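Each chain is listed here by its residues.
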Amino acid sequence: MAIAPDTWWGTLLAVGLALGGVVVLTLVQVLAARALRTRIPTLVALGRRTRPAWVALLATGAVWVACASTLPARTSWWPAAQHIALVAVIFAGAWLVLGLATFGFERLVAREEHVPGAEGRRRRTQIVVLHRLTLVAIGVLAIGLALSTFPAMRAVGTSVLASAGIVSIVAGLAAQSILGNLIAGLQLAFTDAVRVGDVVVVEGEWGRIGEINLSYVVVYIWDERRLVLPCSYFTSTPFETWTRQSDKVIGIVFLELDWRVPIEEVRAKFFEVIEASPEWDRRSAGVVMTDARGGVVTVRLTMSAKDSSDQWDLRCHVREQMVTWLQREHPEALPRTRVALETAEEAA
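Below or above, wherever it landed, is the structure these notes cover. (Residues numbered from 1 in each chain as written. Predicted model: local features only at pLDDT ≥ 70, side-chain atom pairs only at ≥ 80, totals over all residues. Heavy atoms only, no water.)

## As for the overall build of the protein chain
On a plain count of helices and strands, the protein chain comes out with 11 helices and 8 strands. Looking at the 348 residues of the protein chain, the share that counts as buried comes to 33%. Once local pairs closer than 6 in sequence are excluded, the contacts in the protein chain between residues at least 24 apart make up 66%. Surface summary for the protein chain: the accessible area is close to 20600 Å², and the carbon and sulfur share equals 65%. (Helix = DSSP H or I, 4+ residues; strand = E, 2+ residues; numbered from the N terminus. Buried < 20%, exposed > 50% of the residue type's maximum accessible area, 1.4 Å probe, protein only. Contact = heavy atoms within 4.5 Å. Areas by Shrake-Rupley, 256 points an atom, 1.4 Å probe, with all protein chains shown as cover.)

This is the structure we're talking about:
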(Lines give C-alpha, C1' and ligand atoms only; values in the text may rest on other atoms or scores of the structure.)
Protein backbone atom coordinates (compact mmCIF):
# COMPACT_ATOMS: atom_id res chain seq x y z
CA MET A 1 0.00 0.00 0.00
CA ALA A 2 1.41 3.37 -0.98
CA ILE A 3 1.95 5.94 1.72
CA ALA A 4 0.44 9.35 1.14
CA PRO A 5 2.86 12.31 0.86
CA ASP A 6 1.23 14.10 3.76
CA THR A 7 2.01 11.05 5.90
CA TRP A 8 5.69 11.38 5.01
CA TRP A 9 5.58 15.04 5.90
CA GLY A 10 3.86 14.24 9.21
CA THR A 11 6.43 11.59 10.03
CA LEU A 12 9.33 13.88 9.17
CA LEU A 13 7.75 16.65 11.22
CA ALA A 14 7.36 14.34 14.23
CA VAL A 15 10.95 13.09 14.04
CA GLY A 16 12.28 16.62 13.48
CA LEU A 17 10.40 18.08 16.44
CA ALA A 18 11.51 15.23 18.69
CA LEU A 19 15.17 15.51 17.74
CA GLY A 20 15.08 19.31 17.90
CA GLY A 21 13.53 19.27 21.36
CA VAL A 22 16.09 16.80 22.68
CA VAL A 23 18.99 18.83 21.24
CA VAL A 24 17.67 22.09 22.66
CA LEU A 25 17.08 20.54 26.08
CA THR A 26 20.58 19.05 26.14
CA LEU A 27 22.18 22.38 25.22
CA VAL A 28 20.15 24.25 27.82
CA GLN A 29 21.07 21.77 30.55
CA VAL A 30 24.76 21.79 29.67
CA LEU A 31 24.93 25.59 29.65
CA ALA A 32 22.91 25.86 32.84
CA ALA A 33 25.11 23.30 34.57
CA ARG A 34 28.27 25.23 33.67
CA ALA A 35 26.78 28.57 34.73
CA LEU A 36 25.14 27.42 37.97
CA ARG A 37 27.51 24.68 39.15
CA THR A 38 29.08 26.85 41.82
CA ARG A 39 26.07 29.01 42.66
CA ILE A 40 23.05 26.73 42.66
CA PRO A 41 24.19 23.09 42.92
CA THR A 42 20.66 21.97 43.80
CA LEU A 43 19.33 23.01 40.39
CA VAL A 44 22.22 21.22 38.69
CA ALA A 45 21.47 18.03 40.65
CA LEU A 46 17.77 18.38 39.83
CA GLY A 47 18.52 18.75 36.13
CA ARG A 48 20.79 15.72 36.16
CA ARG A 49 18.15 13.65 37.96
CA THR A 50 15.24 14.57 35.68
CA ARG A 51 17.11 14.74 32.34
CA PRO A 52 15.92 11.33 31.04
CA ALA A 53 12.31 12.18 31.91
CA TRP A 54 12.57 15.58 30.21
CA VAL A 55 14.02 13.98 27.08
CA ALA A 56 11.24 11.37 27.01
CA LEU A 57 8.54 14.02 27.52
CA LEU A 58 9.88 16.29 24.79
CA ALA A 59 10.32 13.44 22.34
CA THR A 60 6.87 11.94 22.90
CA GLY A 61 5.28 15.38 23.02
CA ALA A 62 6.83 16.35 19.70
CA VAL A 63 5.63 13.12 18.11
CA TRP A 64 2.11 13.61 19.47
CA VAL A 65 1.92 17.25 18.29
CA ALA A 66 3.12 16.24 14.84
CA CYS A 67 0.59 13.40 14.69
CA ALA A 68 -2.24 15.64 15.84
CA SER A 69 -1.41 18.41 13.36
CA THR A 70 -1.17 16.11 10.34
CA LEU A 71 -4.22 14.89 8.42
CA PRO A 72 -3.27 11.64 6.68
CA ALA A 73 -6.60 10.86 5.04
CA ARG A 74 -5.42 7.71 3.26
CA THR A 75 -3.84 5.87 6.22
CA SER A 76 -5.84 3.81 8.69
CA TRP A 77 -3.06 3.31 11.20
CA TRP A 78 -2.31 6.99 11.82
CA PRO A 79 -5.07 7.54 14.48
CA ALA A 80 -3.74 4.56 16.41
CA ALA A 81 -0.21 6.03 16.27
CA GLN A 82 -1.56 9.36 17.48
CA HIS A 83 -3.30 7.61 20.39
CA ILE A 84 -0.17 5.70 21.33
CA ALA A 85 1.81 8.96 21.27
CA LEU A 86 -0.74 10.57 23.61
CA VAL A 87 -0.48 7.68 26.09
CA ALA A 88 3.32 7.91 25.89
CA VAL A 89 3.13 11.64 26.68
CA ILE A 90 1.01 10.90 29.76
CA PHE A 91 3.45 8.33 31.10
CA ALA A 92 6.48 10.49 30.28
CA GLY A 93 4.88 13.36 32.17
CA ALA A 94 4.19 11.06 35.11
CA TRP A 95 7.84 9.94 35.02
CA LEU A 96 8.93 13.57 35.19
CA VAL A 97 6.60 14.35 38.08
CA LEU A 98 7.82 11.23 39.91
CA GLY A 99 11.42 12.38 39.46
CA LEU A 100 10.65 15.86 40.77
CA ALA A 101 8.75 14.48 43.75
CA THR A 102 11.48 11.97 44.59
CA PHE A 103 14.18 14.64 44.39
CA GLY A 104 12.20 16.93 46.68
CA PHE A 105 11.53 14.24 49.29
CA GLU A 106 15.16 13.10 49.25
CA ARG A 107 16.25 16.67 49.94
CA LEU A 108 13.79 16.87 52.83
CA VAL A 109 15.13 13.64 54.32
CA ALA A 110 18.72 14.87 53.95
CA ARG A 111 17.82 18.12 55.69
CA GLU A 112 16.30 16.20 58.61
CA GLU A 113 19.31 13.91 59.03
CA HIS A 114 20.95 16.35 61.46
CA VAL A 115 17.91 16.33 63.79
CA PRO A 116 18.81 13.85 66.55
CA GLY A 117 16.66 11.63 68.70
CA ALA A 118 12.96 10.89 68.57
CA GLU A 119 12.00 14.15 66.83
CA GLY A 120 14.32 13.43 63.90
CA ARG A 121 13.01 9.88 63.54
CA ARG A 122 9.42 11.13 63.59
CA ARG A 123 10.05 13.65 60.82
CA ARG A 124 11.97 11.22 58.62
CA THR A 125 9.28 8.57 59.02
CA GLN A 126 6.53 10.95 57.98
CA ILE A 127 8.52 12.14 54.97
CA VAL A 128 9.23 8.57 53.81
CA VAL A 129 5.58 7.53 54.10
CA LEU A 130 4.38 10.68 52.34
CA HIS A 131 6.94 10.06 49.59
CA ARG A 132 5.67 6.55 48.93
CA LEU A 133 2.04 7.67 49.11
CA THR A 134 2.80 10.43 46.59
CA LEU A 135 4.45 7.97 44.20
CA VAL A 136 1.45 5.66 44.40
CA ALA A 137 -0.97 8.54 43.82
CA ILE A 138 0.98 9.78 40.78
CA GLY A 139 1.12 6.28 39.33
CA VAL A 140 -2.60 5.68 39.83
CA LEU A 141 -3.44 9.08 38.34
CA ALA A 142 -1.26 8.43 35.28
CA ILE A 143 -2.86 5.04 34.69
CA GLY A 144 -6.33 6.58 35.11
CA LEU A 145 -5.56 9.34 32.61
CA ALA A 146 -4.16 6.84 30.12
CA LEU A 147 -7.24 4.63 30.41
CA SER A 148 -9.54 7.62 30.07
CA THR A 149 -8.17 8.27 26.57
CA PHE A 150 -9.91 5.08 25.40
CA PRO A 151 -13.60 5.80 24.71
CA ALA A 152 -14.70 2.34 25.83
CA MET A 153 -12.89 2.62 29.18
CA ARG A 154 -14.21 6.16 29.69
CA ALA A 155 -17.78 4.94 29.21
CA VAL A 156 -17.25 2.06 31.63
CA GLY A 157 -15.70 4.34 34.22
CA THR A 158 -18.53 6.84 33.96
CA SER A 159 -21.18 4.17 34.37
CA VAL A 160 -19.45 2.62 37.37
CA LEU A 161 -18.90 5.93 39.14
CA ALA A 162 -22.51 6.90 38.46
CA SER A 163 -23.93 3.70 39.90
CA ALA A 164 -25.39 3.72 43.37
CA GLY A 165 -23.49 0.59 44.33
CA ILE A 166 -20.07 2.27 44.26
CA VAL A 167 -20.35 3.14 47.96
CA SER A 168 -20.82 -0.47 48.95
CA ILE A 169 -17.93 -1.54 46.68
CA VAL A 170 -15.54 0.96 48.26
CA ALA A 171 -16.68 -0.02 51.75
CA GLY A 172 -16.15 -3.69 50.97
CA LEU A 173 -12.66 -3.06 49.63
CA ALA A 174 -11.75 -0.93 52.65
CA ALA A 175 -12.61 -3.86 54.88
CA GLN A 176 -10.00 -6.01 53.17
CA SER A 177 -6.59 -6.51 54.75
CA ILE A 178 -4.69 -4.72 51.97
CA LEU A 179 -6.45 -1.41 52.38
CA GLY A 180 -6.51 -1.96 56.12
CA ASN A 181 -2.72 -2.14 56.10
CA LEU A 182 -2.51 0.98 53.91
CA ILE A 183 -4.62 2.90 56.40
CA ALA A 184 -2.53 1.49 59.26
CA GLY A 185 0.65 2.65 57.50
CA LEU A 186 -0.65 6.21 57.31
CA GLN A 187 -1.73 5.97 60.95
CA LEU A 188 1.78 4.89 61.99
CA ALA A 189 3.33 7.82 60.15
CA PHE A 190 1.14 10.53 61.62
CA THR A 191 0.28 9.22 65.09
CA ASP A 192 3.99 8.83 65.95
CA ALA A 193 3.40 5.32 67.31
CA VAL A 194 6.57 3.97 65.73
CA ARG A 195 9.32 5.60 63.67
CA VAL A 196 12.21 4.54 61.47
CA GLY A 197 15.19 3.96 63.76
CA ASP A 198 13.17 3.16 66.89
CA VAL A 199 14.40 0.28 69.03
CA VAL A 200 11.58 -2.19 69.61
CA VAL A 201 10.91 -5.66 70.97
CA VAL A 202 8.32 -7.48 68.86
CA GLU A 203 7.49 -11.18 68.76
CA GLY A 204 10.21 -11.69 71.36
CA GLU A 205 12.87 -10.18 69.07
CA TRP A 206 15.00 -7.09 69.74
CA GLY A 207 15.73 -4.84 66.79
CA ARG A 208 15.32 -1.48 65.06
CA ILE A 209 12.58 -0.27 62.76
CA GLY A 210 14.34 -0.29 59.39
CA GLU A 211 11.52 0.44 56.93
CA ILE A 212 7.95 1.68 57.18
CA ASN A 213 6.13 1.05 53.91
CA LEU A 214 2.50 1.68 53.09
CA SER A 215 1.47 -1.88 53.93
CA TYR A 216 4.27 -3.46 55.99
CA VAL A 217 7.08 -2.66 58.44
CA VAL A 218 10.54 -4.24 58.37
CA VAL A 219 12.31 -4.73 61.71
CA TYR A 220 16.10 -5.15 61.51
CA ILE A 221 16.91 -7.81 64.11
CA TRP A 222 20.21 -7.45 65.95
CA ASP A 223 21.63 -10.62 64.37
CA GLU A 224 20.99 -9.25 60.83
CA ARG A 225 17.73 -11.12 60.30
CA ARG A 226 14.70 -9.20 59.03
CA LEU A 227 11.24 -9.42 60.57
CA VAL A 228 8.47 -8.28 58.22
CA LEU A 229 5.15 -7.38 59.86
CA PRO A 230 1.97 -5.83 58.46
CA CYS A 231 1.34 -2.24 59.50
CA SER A 232 -1.85 -3.36 61.21
CA TYR A 233 0.30 -5.33 63.68
CA PHE A 234 1.59 -2.11 65.27
CA THR A 235 -1.90 -0.62 65.53
CA SER A 236 -3.57 -3.67 67.08
CA THR A 237 -0.86 -5.53 69.03
CA PRO A 238 1.07 -4.28 72.07
CA PHE A 239 4.82 -3.97 71.49
CA GLU A 240 7.78 -2.66 73.47
CA THR A 241 9.69 0.43 72.36
CA TRP A 242 12.87 1.68 73.98
CA THR A 243 13.13 5.03 72.22
CA ARG A 244 9.66 6.56 72.51
CA GLN A 245 10.78 9.81 74.15
CA SER A 246 14.55 9.48 74.10
CA ASP A 247 17.39 7.18 73.11
CA LYS A 248 18.63 7.15 76.71
CA VAL A 249 18.02 3.88 78.51
CA ILE A 250 18.85 2.23 81.84
CA GLY A 251 20.24 -1.29 81.82
CA ILE A 252 19.96 -3.90 84.58
CA VAL A 253 22.24 -6.82 85.51
CA PHE A 254 21.11 -9.36 88.10
CA LEU A 255 23.63 -11.41 90.08
CA GLU A 256 22.50 -14.36 92.21
CA LEU A 257 25.13 -14.78 94.92
CA ASP A 258 25.73 -16.57 98.17
CA TRP A 259 24.58 -15.03 101.46
CA ARG A 260 28.23 -14.40 102.39
CA VAL A 261 28.74 -11.87 99.58
CA PRO A 262 30.38 -8.62 100.83
CA ILE A 263 27.81 -6.20 99.38
CA GLU A 264 29.81 -3.04 100.11
CA GLU A 265 32.85 -4.38 98.28
CA VAL A 266 30.61 -5.40 95.38
CA ARG A 267 29.21 -1.88 95.27
CA ALA A 268 32.68 -0.33 95.28
CA LYS A 269 33.91 -2.63 92.52
CA PHE A 270 30.83 -1.93 90.41
CA PHE A 271 31.41 1.84 90.51
CA GLU A 272 35.08 1.29 89.70
CA VAL A 273 34.11 -0.72 86.61
CA ILE A 274 31.54 1.71 85.23
CA GLU A 275 33.74 4.74 85.91
CA ALA A 276 36.25 3.23 83.51
CA SER A 277 33.61 2.37 80.90
CA PRO A 278 33.09 4.95 78.11
CA GLU A 279 29.58 3.57 77.47
CA TRP A 280 28.31 4.86 80.81
CA ASP A 281 26.75 8.33 80.41
CA ARG A 282 26.98 9.13 84.17
CA ARG A 283 23.27 9.74 84.59
CA SER A 284 22.42 6.84 86.86
CA ALA A 285 24.07 3.90 88.60
CA GLY A 286 23.32 1.84 91.66
CA VAL A 287 23.67 -1.46 93.52
CA VAL A 288 20.86 -2.86 95.66
CA MET A 289 19.95 -6.27 97.05
CA THR A 290 16.46 -6.99 95.76
CA ASP A 291 15.82 -10.50 97.09
CA ALA A 292 17.12 -13.13 99.53
CA ARG A 293 15.60 -16.59 99.34
CA GLY A 294 16.37 -20.16 98.38
CA GLY A 295 19.96 -20.04 99.58
CA VAL A 296 20.98 -17.05 97.39
CA VAL A 297 20.63 -13.30 97.40
CA THR A 298 19.81 -11.27 94.26
CA VAL A 299 21.92 -8.18 93.65
CA ARG A 300 20.66 -5.72 91.05
CA LEU A 301 23.15 -3.53 89.22
CA THR A 302 21.67 -0.57 87.29
CA MET A 303 23.54 1.64 84.85
CA SER A 304 22.53 4.22 82.23
CA ALA A 305 23.73 4.75 78.67
CA LYS A 306 23.01 7.19 75.86
CA ASP A 307 21.36 4.55 73.66
CA SER A 308 20.41 0.89 73.56
CA SER A 309 23.59 -0.17 71.75
CA ASP A 310 25.87 1.30 74.41
CA GLN A 311 23.57 -0.05 77.09
CA TRP A 312 23.94 -3.61 75.78
CA ASP A 313 27.72 -3.32 75.59
CA LEU A 314 27.87 -1.81 79.07
CA ARG A 315 25.75 -4.56 80.60
CA CYS A 316 27.90 -7.28 79.06
CA HIS A 317 31.10 -5.55 80.20
CA VAL A 318 29.88 -5.07 83.76
CA ARG A 319 28.64 -8.64 84.01
CA GLU A 320 31.96 -10.05 82.81
CA GLN A 321 34.04 -7.83 85.08
CA MET A 322 31.96 -8.49 88.19
CA VAL A 323 31.87 -12.27 87.73
CA THR A 324 35.61 -12.39 87.07
CA TRP A 325 36.30 -10.26 90.15
CA LEU A 326 34.09 -12.43 92.36
CA GLN A 327 35.78 -15.59 91.12
CA ARG A 328 39.20 -14.16 91.87
CA GLU A 329 38.63 -12.15 95.06
CA HIS A 330 35.52 -13.61 96.70
CA PRO A 331 34.89 -17.19 95.63
CA GLU A 332 32.85 -17.66 98.79
CA ALA A 333 30.26 -15.27 97.34
CA LEU A 334 29.50 -17.53 94.38
CA PRO A 335 26.18 -19.40 94.69
CA ARG A 336 26.35 -22.91 96.06
CA THR A 337 24.02 -25.67 97.21
CA ARG A 338 24.23 -26.72 100.87
CA VAL A 339 23.38 -30.24 101.99
CA ALA A 340 23.11 -31.25 105.65
CA LEU A 341 24.09 -34.90 106.32
CA GLU A 342 22.56 -36.66 109.26
CA THR A 343 24.18 -39.51 111.20
CA ALA A 344 22.29 -42.71 111.88
CA GLU A 345 21.77 -41.72 115.52
CA GLU A 346 20.37 -38.29 114.50
CA ALA A 347 18.05 -39.86 111.96
CA ALA A 348 16.72 -42.25 114.62
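Additional details are given in the paragraphs that follow.
## As for the pairing of strand β7 (residues 280-293)
Alignment of β7 against strand β8 (residues 296-305), held across 9 bridges, turns out to be antiparallel. In the sheet register, Gly286 faces β8, and the bridge partner there is Thr302. If you look at the hairpin formed by β7 and β8, you'll find 2 residues sitting between the two strands, and Gly294 has a positive phi there, around 65°. (Pairing = 2+ DSSP bridges.)

## Overview of the side chain of Thr298
Tracing the chain through its elements places Thr298 in strand β8. Exposure remark for Thr298: the relative accessible area of 13% places this residue in the buried category. Setting aside its immediate chain neighbours within four residues, Thr298 contacts Phe254, Leu255, Glu256, Val288, Met289, Thr290 and Asp291.

## A word on the sheet that holds strand β4 (residues 226-230)
Here 5 strands make up an open sheet; going across it, the order is β4-β3-β2-β1-β5 and the pairing antiparallel. Edge positions in the open sheet fall to β4 and β5 (240-241), since each of these has one partner strand only. Summarising the sheet, strand β1 (residues 199-202) and β5 pair through 2 bridges and their orientation is antiparallel. When the sheet's bridge partners are listed, Val201 is paired in β5 with Glu240.

## Some thoughts on the pattern of salt bridges
A complete count under the given rule lists 12 salt bridges for this structure. Where Asp291 meets Arg293, a salt bridge forms, and the shortest distance between an N and an O atom there is 3.2 Å. Each of Glu205, Asp223 and Arg225 takes part in salt bridges that share partners, so that together they form one network. (Salt bridge = Lys/Arg side-chain N within 4 Å of Asp/Glu carboxyl O.)

## Regarding the packing of aromatic side chains
The geometry of an aromatic ring pair is captured by two quantities: the separation of the ring centres and the angle between the planes. Scanning the entire structure with this criterion turns up 4 aromatic pairs. Between Phe234 and Phe239 the ring centres are 5.1 Å apart and the planes differ by 80°, which places this aromatic pair in the edge-to-face class. Assessed through its relative accessible area of 5%, Phe234 is described here as buried. With relative accessibility at 23%, the residue Phe239 sits in the partly exposed group. (Phe/Tyr/Trp six-rings, centres within 6.5 Å; stacked < 30°, edge-to-face > 60°.)

## Some details on the side chain of Thr302
In this fold, Thr302 is placed in strand β8. Sequence-distant contacts of Thr302, that is, excluding residues within four places in its chain, are made with Ile250, Gly251, Ile252, Phe270, Ser284, Ala285 and Gly286.

## Notes on the sheet that holds strand β6 (residues 249-257)
Strand pairing in a sheet takes place through backbone hydrogen bonds and is either antiparallel or parallel in direction. With respect to topology, 3 strands assemble into an open sheet ordered β6-β8-β7, the strand pairing being antiparallel. The two strands at the open ends of the sheet, each matched to only one other strand, are β6 and β7. Averaged over all neighbouring strand pairs, the angle between strand axes comes to 15°, with direction disregarded. Helix-sheet contacts for helix α9 (residues 263-275) involve β7 and β8, and the interaxial angle to β7 is about 155°. Sheet strands touched by helix α10 (residues 308-329): β6, β7 and β8. Its angle to β6, the strand with the most contacts, is close to 20°. (Axes fitted to C-alpha atoms, helices over the stretch in contact; angles between N-to-C directions.)

## Here's the deal with α9
End to end, α9 covers 18 Å across 13 residues, agreeing with the expected 18 Å (1.5 Å per residue, within 8%). Among the residues of α9, Val266, Lys269, Phe270, Val273 and Ile274 are the ones counted as buried. Down the axis, α9 shows its buried residues gathered within 130° of arc, on one side only. Among the structural elements, β7, β8 and α10 are those in contact with the buried residues of α9. (Expected span 1.5 Å × (residues − 1). Arc of directions from axis to C-beta.)

## Points about a nonpolar patch on the surface
Together, Phe91, Ile143, Leu147 and Phe150 make up a nonpolar patch on the protein surface, roughly 350 Å² of accessible area in all. Checked against the element boundaries, Phe150 lands in the loop between α4 (117-148) and α5 (151-162). (Patch = residues over 30% accessible without salt bridge, like charges linked within 9 Å, V, L, I, M, F, W, Y side chains within 5 Å.)

## Here's the deal with the environment of Leu58
Examined against the element boundaries, Leu58 turns out to sit in helix α2 (residues 41-69). Taking the C-alpha atoms as reference points, Leu58 and Ala92, separated by 34 residues in sequence, lie 8.7 Å from one another.

## Quick word on the nonpolar core
Judged by nonpolar contacts, the single largest core of 20 residues is most densely connected at Phe270, Leu301, Met303, Val318 and Met322. Among the elements of the structure, β6, α9, β7, β8 and α10 are those that each provide at least two residues to this core. Here the element with the most residues in this core is α10; it accounts for 5 residues. Among the nonpolar cores identified, the runner-up in size contains 16 residues, and Ala184, Ile212, Val217 and Cys231 belong to it. (Core = buried A, V, L, I, M, F, W, Y, C linked by side-chain atoms within 4.5 Å.)

## With respect to the pairing of strand β3 (residues 216-221)
Of the pairings in the sheet, the one linking strand β2 (residues 205-212) to β3 comprises 5 bridges and is antiparallel in character. In the sheet register, Glu211 faces β3, and the bridge partner there is Val218. Linking two consecutive strands that pair antiparallel, namely β2 and β3, is a turn of 3 residues. Here 5 bridges tie β3 to β4, and the two strands are oriented antiparallel to one another. Across the sheet, residue Tyr220 finds its bridge partner in β4, namely Arg226. Hairpin geometry of β3 and β4 is characterised by an intervening segment of 4 residues between the two adjacent antiparallel strands and by a positive phi of about 75° at Glu224.

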